[in-house]
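Listed here are the chains, written in short residue letters.
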Amino acid sequence: MNKTCLEKLEYNKILEKLSSYCVTYIGKKIAKDLIPSNNKDYILNKISETTEGVSVLYKASTPPFSEISDITIYLKILESDGTLTLKAILDLAKILKLSDSLKKYFYQDFIDSSEFPILDSLFSELYTNESIYR
């Protein structure tokens, strides 16, 4: 879809409204960067992902999302063998704690993760390490 059509449809206003519902800066960025697609496989995958997400919401209620700090600067500091501030370490620990909470949310006893293969692959990639944030 060309830029003129998107402007006439006020697509940017739709994305702004959508991003206002996002909790994290990453979600806001992804929402604002969405572009229409005509790739059938991509669309079907996103529909399946959304369907799984809605099903999990019905079974387990709202996931424990919370605001997180933008850690891209911290990652660059670490890549250049720099030293992190205490605030940076606490921000990273908060992300690890959120990751642990999300994993516990998805892998509850009453949720059969095999019913949700797309979400299972995403949640299984979350890194947790209780010894860092406890």
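Reading guide: rules and limits
- Residues numbered from 1 in each chain as written.
- Predicted model: local features only at pLDDT ≥ 70, side-chain atom pairs only at ≥ 80, totals over all residues.
- Heavy atoms only, no water.
- Phe/Tyr/Trp six-rings, centres within 6.5 Å; stacked < 30°, edge-to-face > 60°.
- Helix = DSSP H or I, 4+ residues; strand = E, 2+ residues; numbered from the N terminus.
- Buried < 20%, exposed > 50% of the residue type's maximum accessible area, 1.4 Å probe, protein only.
- Core = buried A, V, L, I, M, F, W, Y, C linked by side-chain atoms within 4.5 Å.
- Contact = heavy atoms within 4.5 Å.
- Salt bridge = Lys/Arg side-chain N within 4 Å of Asp/Glu carboxyl O.
- Polar contact = N/O pair within 3.5 Å; in protein donor to acceptor, adjacent residues only side chain to side chain.
- Expected span 1.5 Å × (residues − 1).
- Patch = residues over 30% accessible without salt bridge, like charges linked within 9 Å, V, L, I, M, F, W, Y side chains within 5 Å.
- Areas by Shrake-Rupley, 256 points an atom, 1.4 Å probe, with all protein chains shown as cover.
- pLDDT = per-residue confidence, 0-100.

## Observations regarding the packing of aromatic side chains
On inspection of all chains with the given rule, the structure shows 3 aromatic pairs. Judged by centre distance (6.3 Å) and plane angle (65°), the rings of Phe 106 and Phe 116 are edge-to-face. A residue pair is termed long-range when its members are at least 10 positions apart, and Phe 106 in helix α6 (residues 86-106) and Phe 116 in the loop between α6 and α7 (117-124) qualify at 10 residues. No difference in accessibility class separates Phe 106 from Phe 116, as the two residues are buried. An aromatic cluster is present here, built from Phe 106, Tyr 107, Phe 116 and Phe 123 joined pairwise through their rings.

## Here's the deal with the nonpolar core
Formed by 16 residues in total, the largest nonpolar core has its most connected members in Val 56, Phe 106, Phe 116 and Leu 119. Element by element, the count of residues in this core is highest for α6, at 6 residues. Not counting chain neighbours up to four residues away, the residues in contact with Val 56 comprise Ser 61, Tyr 105, Phe 106, Ile 111, Phe 116 and Leu 119.

## Things to note about the environment of Ile 77
When you line up the elements, Ile 77 lands in helix α5 (residues 72-79). Once residues within four sequence positions are removed from consideration, Ile 77 is found in contact with Gly 82, Thr 83 and Leu 84.

## Description of the pattern of salt bridges
Scanning the entire structure with this criterion turns up 8 salt bridges. Here Glu 16 makes a salt bridge to Lys 32, at a shortest N to O gap of 4.0 Å. Residue Glu 16 is located in helix α2 (residues 11-19), and its partner Lys 32 is located in helix α3 (residues 25-32); the two are separated by 16 residues in the primary sequence. Linking Asp 100 and Lys 104 is a salt bridge whose minimum nitrogen-to-oxygen distance equals 3.0 Å. Of the two residues, Asp 100 and Lys 104 are both situated in helix α6; the distance of 4 residues between them amounts to about one turn of the helix. The buried category is assigned to Asp 100, whose relative accessible area is 8%. Bridged by salt links that share partners, the residues Asp 100, Lys 104 and Glu 130 form one connected network.

## Overview of the environment of Ser 121
Residue position: Ser 121 is located in helix α7. A distance of 2.7 Å separates the side chain of Ser 121 from the backbone oxygen of Ile 118, its partner in a polar contact.

## Points about α6
Between its first and last C-alpha atoms α6 spans 30 Å; for 21 residues at 1.5 Å apiece the expected length is 30 Å, and the two agree. All of the buried residues in α6 are Ala 88, Asp 91, Ala 93, Ile 95, Leu 96, Leu 98, Ser 99, Asp 100, Leu 102, Tyr 105 and Phe 106. In this structure, the buried residues of α6 make contact with α4 (40-60), α5, α7 and α8 (130-133).

## Looking at a nonpolar patch on the surface
On the surface, Leu 18, Ile 26, Ile 30 and Leu 34 cluster together into a nonpolar patch covering about 330 Å² of accessible area. Examined against the element boundaries, Ile 26 turns out to sit in helix α3.

## Here we look at the confidence of the model for the protein chain
Interpreting fine coordinate detail is not advised for predicted regions of low pLDDT. With 99% of its residues at a pLDDT of 70 or more, the protein chain shows a mean pLDDT of 91. No element of the protein chain has a lower mean pLDDT than α8, at 78, and none a higher one than α2, at 95.

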